[in-house]
Amino acid sequence: MLTVTDVSAGYGSFQALFGVSLAVAAGEAVAVIGANGAGKTTLMRVISGLLPASGGGFALDGRALEALPAHRIVAAGIAHVPENRRLFPRLTVEENLRMGAFIPAARKHFAERLAWVYELFPRLLDRRRQPAGTLSGGEQQMCAIGRALMSKPKLLLMDEPSAGLAPLVVEQVFNLVRRIRAEGFTVLIVEQNVQQVLDIADRAYLLDRGRIRLSGAAGELARNEEIRQAYMGI
Amino acid sequence: MDIYLLEAVMNGVLLGGVLALLALGLNLIFGVVDVVWIAYAELVMCGMYAEWWLTDSAAWPVLAASAAAIAFVALLGVLVHLLVIAPILGSAPINQLLATGGLLFFLQSAATLLFGTDFRNLGLRLPVIEFGDIFISLSRLIAFVAALLGAAALYLFLSRSFLGTAIRAVAQDREIMGLMGVDQRRIYLLTSAIGGGLAGLAACLLLLQYDVHPYIGLTFGPITFMICVLGGLGNMIGGFVAAFIISQIIAIAGYYVSIEASYVLAFVVFIALVLLRPQGILGK
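Residues numbered from 1 in each chain as written. Chains lettered and ligands numbered in written order. Predicted model: local features only at pLDDT ≥ 70, side-chain atom pairs only at ≥ 80, totals over all residues.

Looking at the confidence of the model for chain B
Scored by pLDDT, chain B comes out at a mean of 93, with 99% of its residues at no less than 70. Prediction confidence for the complex, expressed as pTM and ipTM, is 0.91 and 0.92 respectively. (pLDDT = per-residue confidence, 0-100.)

Here is the structure:
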């Protein structure tokens, strides 16, 4: 579904990604793991069009997307749950969800998708008139995921969904990701929480200082001695 | 209660409606595009001239001329954004202030060139109506009601529609608008058109009560900025409330002392409040 080919990117004179290639098949959950500063968020920002690639390209179902601005990439079928959730704090939960359905194709189905997201996350229904800034961390993550789902994307990008949350809430968030998968969504997820993300992913890539160092089935990587020592502290 | 004081208070409320409309437009543009249109009141002046010219020279009926004037100023708003603001969107705020300040002088001079410095008006003579013992001019009442309707329409648009929600969202997190599928440039254009349209509506309402001349903007511009700052720049509800506070000060002081003194007092109150609450009366 998604193919990323030889992507390089950076900020000014700082290069963060060096020829990264990866692929995600329909229905898969693929994880990109790596240390802080390895380039994980940069990779997400390139795929969602927030940051232009300086080299290489990427395609969704064979359609090249690297030249499109972010707002056209959403319409092409990629939704991004950004790092730190980035809800609109003074808009209500429901207004945040409305923003997720902004693209014309989603607007037409707004009412039914809203009902579906509320069914998926009943907590959001209780909080629908509340400003998103007043939600707890876990609820905010639900709202951010719900907002991305409103466009019914072919591919869901998730950037560090567990960051900044209490351990118990982290567990809840990974359960949310499991449910998204069960709904049949294709997911590309970036995480520092290596052990838990390998638990829910089919395959994974290890990103190290802007380059893919290792890739394979998630279970395989979870048993890899180097990964266990460097990223799981075992 | 003193009947004349009551009349002054009523007139203050009626004046507040139009000032609130101007404050809403200026705050909307500041909150969304993050630029202060120093020449905002000069756009009002352009709208007043447009309506006057259409009724006077083209002999249009007043309502049609009003609608055309609103559309014209909305278009002017779009042009201001495209020609003046967009090229300097990323530059220092002082450069943006200087550019829109330059636009103020440009518009004043252009109006002088086109229409001279004569005072012009619609030549309408609307009656004064009697409520018990107080007299209220119908033109002020119409202006007030139309301004409130305009504000209500804006509120419904911003709170109910997808585009209106996007306009509020831009003010909260610019960077991720693209992730929502929103083209930020189009939101800026739409906001500029709405800001212009509000100035156009205010122009039509002011032309019911005042003559237009190239420097009419100076009568409303400074007081509109004062209201916006008092309410907290970018805070639309704060600006709305502040418009009625300032107009009451002007109306009541105008009744007890004189109109000139009332503006002095309004600015003194403004300076004092800004020293006490620099974030605006409703700011956090």
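On we go.
Quick notes on the nonpolar core
Residues and elements named next belong to chain B. Counting 166 residues, the largest nonpolar core has A23 and A202 as the members making the most contacts within it. Considering every element that reaches this core, the biggest residue donor is helix α1 (residues 3-33), with 16 residues. Sequence-distant contacts of A202, that is, excluding residues within four places in its chain, are made with V18, L21, L22 and V44. (Core = buried A, V, L, I, M, F, W, Y, C linked by C-beta atoms within 7 Å. Buried ≥ 20, exposed ≤ 12 C-beta atoms within 10 Å, placed from the backbone. Helix = DSSP H or I, 4+ residues; strand = E, 2+ residues; numbered from the N terminus. Contact = placed C-beta atoms within 7 Å.)

Looking at the sheet that holds strand β5 (residues 63-64) of chain A
All names here are of chain A. Ordered in space as β2-β1-β4-β5, the four strands form an open sheet in which the pairing is antiparallel. A single partner strand is all that each edge strand has here, and the edge strands are β2 (14-24) and β5. Alignment of strand β1 (residues 2-11) against strand β4 (residues 55-60), held across five bridges, turns out to be antiparallel. In the strand pairing of β4, L2 is matched with L60. (Pairing = 2+ DSSP bridges.)

Considering unusual backbone geometry
All names here are of chain A. Notably, R86 is not glycine yet its phi reads approximately 50°, a positive angle. Relative to the elements of secondary structure, R86 occurs in the loop between β6 (78-81) and α3 (93-100). Residue class for R86 comes out partly exposed when judged on the 18 C-beta atoms lying within 10 Å of it. Its identity is not glycine, yet K152 carries a phi of approximately 45°, on the positive side. The topology assignment puts K152 in the loop between α7 (137-149) and β7 (155-159).

With respect to the environment of S8(A)
Residue and element names in this part refer to chain A. Relative to the assigned elements, S8 resides in strand β1. Owing to 16 C-beta atoms within 10 Å, S8 belongs among the partly exposed residues under this scheme. Along the backbone, S8 and C143 are 135 residues apart, and their C-alpha atoms lie at a distance of 32 Å. S8 has contacts with Q15, L17, F18, G19, A53, S54, G55 and G56, leaving out every residue within four places of it along the chain.

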